[in-house]
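Observations on the three-dimensional arrangement
The residues making up each chain are set out below.
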Amino acid sequence: FMRPEVRDQRFALIEEVINNYSIGGFELNLNHYAGGYFFNPTQIEAGRQVLTEWIQRIHAALAQSGSERELAIRIPASLEGCHSIGLDPEEWARQGIVEVLTPETFGLMSLVDPSADFRPLVAATRGSGCRVHGVIRNNLDSDRLGTAPIEMIRATACNYWDQGIDGLC
């Protein structure tokens, strides 16, 4: 993402969707990025500003589309995890360039995570107008069950709500 042509190419795809389709908003999935990195490890710090500017551009395009479209961004559940790959969700919320942050723990099996801790992100976005929506998965993949029972899904939702999230995904 340090290369402008990469950002421009990705933005062009997003802009096409914004301008040509009836959408309520746009979600960037920055949690499942191939390889988990947007920048060379030596460029992470500088990359945060580059990615923030790119997100500003997307948010502006949504705002200019003449509707109440919102930008949602799927990110790693921990702030440290975000920072380690060049994401700066606190800054995005502070600037008002994202309406919804969707933190999730990442697992190739999409496993349910009843102990995910969203409190640092909830605290970091408090008062910004940015909402936090926790992700609930349903795969358990134990030796007894493949899918989490409804009781586990409900308990997970209760754990997330208790942390102060604004919605569930």
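These numbers come from a predicted model, not from an experiment.

Basis of the calculations
- Residues numbered from 1 in each chain as written.
- Predicted model: local features only at pLDDT ≥ 70, side-chain atom pairs only at ≥ 80, totals over all residues.
- Heavy atoms only, no water.
- Core = buried A, V, L, I, M, F, W, Y, C linked by side-chain atoms within 4.5 Å.
- Buried < 20%, exposed > 50% of the residue type's maximum accessible area, 1.4 Å probe, protein only.
- Helix = DSSP H or I, 4+ residues; strand = E, 2+ residues; numbered from the N terminus.
- Contact = heavy atoms within 4.5 Å.
- Expected span 1.5 Å × (residues − 1).
- Arc of directions from axis to C-beta.
- Salt bridge = Lys/Arg side-chain N within 4 Å of Asp/Glu carboxyl O.
- Pairing = 2+ DSSP bridges.
- Axes fitted to C-alpha atoms, helices over the stretch in contact; angles between N-to-C directions.
- Parallel < 35°, antiparallel > 145°, perpendicular 65-115°, else oblique.
- Left-handed = near helix turned anticlockwise from the far one by under 90°.
- Nonpolar A, V, L, I, M, F, W, Y, C, P; charged D, E, K, R; others polar.

To continue, consider the nonpolar core. Counting residues in hydrophobic clusters, the biggest one holds 43 residues, and the most contacted among them are L28, L30, W54, I55, I73, L87 and W92. Contributing elements (two or more residues each) for this core: α1 (4–20), β1 (25–29), α2 (44–64), β2 (70–76), α3 (79–84), α4 (89–95), α5 (119–125) and α6 (150–162). Of the residues forming this core, the biggest block, eight residues, is contributed by α2. Leave out the neighbours within four places in its chain, and L30 touches F38, L51, I55, I73, R74, P76, I85, L87 and W92.

In this section: α1. Note that an α-helix has 3.6 residues per turn; residues three or four places apart therefore point the same way. In this model, α1 (17 residues) spans 24 Å end to end at C-alpha, consistent with the 24 Å of a helix rising 1.5 Å per residue. When we look at burial in α1, the residues that qualify are R7, F11, I14 and I18. Seen end-on, α1 carries its buried residues on one side only, within an arc spanning 65 degrees. Summarising the contacts, the buried residues of α1 are in contact with β1 and α2.

Okay, the pattern of salt bridges next. Under the counting rule described, the total for this entry stands at ten salt bridges. The salt bridge partner of E5 is R3, with a shortest N-O separation of 2.5 Å. You can call R3 exposed: its relative accessible area is 53%. Notably, a salt bridge pairs D8 with R57, separated by 2.8 Å at the nearest N-O pair. With D8 in helix α1 and R57 in helix α2, this pair connects stretches of sequence that are 49 residues apart. Since its relative accessible area comes to 38%, D8 is described here as partly exposed. Sharing partners across several salt bridges, the network here consists of E27, R74, E104 and R137.

Glancing now at the pairing of strand β3 (residues 100–104). Burial runs high along β3: five of the five residues are buried. The pairing of β2 with β3 spans five bridges and is parallel. Bridge pairing links I73 to L101 in β3. Strand direction decides the pairing type here: β3 and strand β4 (residues 131–134), joined by two bridges, are parallel. Each bridged residue has a counterpart across the sheet, and for V100 the counterpart in β4 is R131.

Right, let's talk about the packing of α1 against α2 for a bit. At their nearest, the axes of α1 and α2 sit 10 Å apart, and the two run at 20 degrees to each other. In terms of orientation, α1 and α2 fall into the roughly parallel class. Here α1 and α2 pass one another in a crossing that is right-handed. Seen from α1, the contacting residues are R7, D8, R10, F11, I14 and I18; seen from α2, they are V50, W54, R57, I58, A61 and L62. Its residues placed into classes, the contact of α1 with α2 shows eight nonpolar, no polar and four charged.

Take α6 next. Counted at 1.5 Å a residue, the expected span for α6 with its 13 residues is 18 Å, and the 18 Å between its end C-alpha atoms agrees. Along α6, the residues that are buried comprise I153, T156, A157 and Y160. Projection of α6 onto a plane perpendicular to its axis shows the buried side chains occupying an angular sector of 100 degrees, all on one side. More than 90 degrees from the buried face of α6, the exposed residues found are E151, R154 and D162. Structurally, α6 contributes buried residues whose contacts are with β4 and β5 (167–168). Just downstream of α6, G164 is the residue with a positive phi angle, here 95 degrees.

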